[in-house]
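# Close look at the chain arrangement
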Amino acid sequence: MSNKDSIYSQPLDSIASFSFDEKVVQVFPDMIQRSVPGYSTIIAMTGVLAERYAQPHSHCYDLGSSLGASTLAMRQQLNDRDCKIFAVDNSAAMQQRCQQIIDQDTSTTPVELVASNIQDVMIKNASVVVLNFTLQFISVEERQALLIKIYNGMLDGGILILSEKFCFDDPHLQALNTELHHSFKRANGYSDMEISQKRTALDNVLLPETIATHQQRLKNAGFNNVDVWFQCFNFASLVAIK
């Protein structure tokens, strides 16, 4: 059971850059459900997509696994595939809690937690790779090389699931979707002060790009089949098939 996210509920004299520390770990499930439109659908469909694309005797990667939501969604669909899931995250606090959650799960697909930056992990024999709200925290300069590495480590017919917060070239659409996202958060109980303070904490940490930019980068990496399968306001998920 996670605690309610109240990290930004009081006025802060100075707002530190957002990080996935112990304080965030304690409230993360509540935080992400109340902050990301469509999050539950994206996680559930990650499992459905894994069931469709995971190849026998292959690897599945959850890059930026946090507390293992995508890992569990995949794991529960793959009991008869002889697959192995690698859950990669560079937050020690996240990994510790994730291991506890995995240990309580009854599915039999093996999971190995990897404490590492995702840029440093070798991808091999992969039929499913998940980047759910992870790439946005990687420097823009490193994103293309990471996607090329993922592509090169994937089996033919494998799938990459990429979910992100996006921005828009059109100023009107950018302003509209930002306000709709804030309305979503207010409807989930966040105050205007909490929204403002968290937005400040995420400045220069979460770096969104347009959907077109992501699509082009995926194609540059080698993926021929790229499509947006889900979008709600300024959050969306793409699939890219090798």
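Described below are features of the structure shown in this document. The shown structure was predicted, so the numbers you read here are calculated from the model rather than taken from an experiment.

Before going further, it helps to spend a moment on the sheet that holds strand β3 (residues 111–115). Pairing is mixed in the open sheet, where seven strands are placed in the order β3-β2-β1-β4-β5-β7-β6. The open sheet has two free edges, formed respectively by β3 and β6 (225–232), since each of these has just one partner strand. Averaged over all pairs of adjacent strands, the angle between their axes in this sheet comes to 15°, without regard to strand direction. Pairing of β6 with strand β7 (residues 235–241), which is carried by seven bridges, proceeds in the antiparallel orientation. Residue pairing for β7: Val-228 is matched across the bridge by Leu-238.

What follows deals with the packing of aromatic side chains. Evaluation of the coordinates by the stated rule reveals eight aromatic pairs. Summarising the aromatic geometry, the rings of Tyr-39 and Phe-133 are spaced 6.2 Å apart at their centres and angled 40° between planes, so their arrangement reads as tilted. On the criterion of sequence distance, the pair formed by Tyr-39 in helix α2 (residues 39–53) and Phe-133 in the loop between β4 (126–132) and α5 (140–152) is long-range, its members being 94 residues apart. Here Tyr-39 matches Phe-133 in class, with each residue buried. In textbook terms, an aromatic cluster arises when at least three aromatic residues are bridged by ring pairs, as seen for Phe-18, Phe-20, Phe-28 and Phe-137. The aromatic ring of Tyr-190 is capped on one face by Lys-185, whose charged end is 5.5 Å from the ring centroid.

What follows concerns α2. Note that an α-helix has 3.6 residues per turn; residues three or four places apart therefore point the same way. Taking 1.5 Å of rise per residue, the 15 residues of α2 would be expected to cover 21 Å, and the 21 Å separating its terminal C-alpha atoms lies within 8% of that figure. The complete set of buried residues in α2 reads Tyr-39, Ile-42, Ile-43, Thr-46, Gly-47, Leu-49, Ala-50 and Tyr-53. For α2, the buried positions fall inside an angular range of 165° around the axis, keeping them on one side. Tucked inside the fold, the buried residues of α2 contact α1 (22–35), α3 (69–75), β4, β5 (154–165), β6 and β7.

Another aspect to go through is the nonpolar core. In this structure, Phe-18, Val-24, Met-31, Cys-60, Met-74, Val-128 and Ile-159 are the most contacted members of the largest nonpolar core, which totals 46 residues. Beyond its immediate stretch of four places on either side in the chain, Val-24 contacts Ile-7, Phe-18, Ser-19, Met-31 and Met-94. Formed by 29 residues, the second largest nonpolar core is a distinct cluster that contains Val-88, Phe-223, Val-226 and Ala-236.

Within strand β1 (residues 59–63), five of the five residues are buried, which leaves the element mostly enclosed by the surrounding structure. Where burial is concerned, the two faces of β1 agree: the one with His-59, Tyr-61 and Leu-63 and the one with Cys-60 and Asp-62 are both buried. Relative to strand β2 (residues 84–89), β1 is paired through five bridges, and the arrangement is parallel. By the bridge assignment for β2, Tyr-61 is matched with Phe-86. Considered for its hand, the β-α-β crossover made up of β1, α3 and β2 is right-handed. Here β1 runs beside β4; their pairing, made up of four bridges, is parallel. Bridging across to β4, Asp-62 finds its partner in Val-130.

Backbone geometry at Asn-204 places phi at a positive 65°, although glycine is not the residue there. Positionally, Asn-204 belongs in the loop between α7 (192–202) and α8 (211–221). The backbone phi angle of Phe-233 is positive, close to 55°, even though this residue is not glycine. Note that Phe-233 resides in the loop between β6 and β7.

All right, on to the pattern of salt bridges then. Applying the stated criterion across every chain, the model contains nine salt bridges. Close ionic contact of Asp-105 with Arg-75 constitutes a salt bridge, the shortest N to O distance being 2.9 Å. Linking Asp-105 in the loop between α4 (92–104) and β3 with Arg-75 in helix α3, this pair joins segments that are 30 residues apart in sequence. By the burial criterion, Asp-105 is buried, and Arg-75 matches it. Residue Arg-81 is joined to Asp-80 by a salt bridge in which the shortest nitrogen-to-oxygen separation is 3.6 Å. Judged by relative accessible area, Arg-81 falls into the buried class, the value being 14%. Each member of the salt-bridge network shares a partner with another, and the members are Glu-51, Asp-80 and Arg-81.

Definitions and cut-offs
Residues numbered from 1 in each chain as written. Predicted model: local features only at pLDDT ≥ 70, side-chain atom pairs only at ≥ 80, totals over all residues. Heavy atoms only, no water. Pairing = 2+ DSSP bridges. Helix = DSSP H or I, 4+ residues; strand = E, 2+ residues; numbered from the N terminus. Axes fitted to C-alpha atoms, helices over the stretch in contact; angles between N-to-C directions. Phe/Tyr/Trp six-rings, centres within 6.5 Å; stacked < 30°, edge-to-face > 60°. Buried < 20%, exposed > 50% of the residue type's maximum accessible area, 1.4 Å probe, protein only. Lys NZ or Arg CZ within 6 Å of the ring centre and 35° of its normal. Expected span 1.5 Å × (residues − 1). Arc of directions from axis to C-beta. Contact = heavy atoms within 4.5 Å. Core = buried A, V, L, I, M, F, W, Y, C linked by side-chain atoms within 4.5 Å. Right-handed = clockwise from strand over helix to strand, strands pointing away. Salt bridge = Lys/Arg side-chain N within 4 Å of Asp/Glu carboxyl O.

Such coordinate-based values are descriptive only and should not be taken to indicate function.
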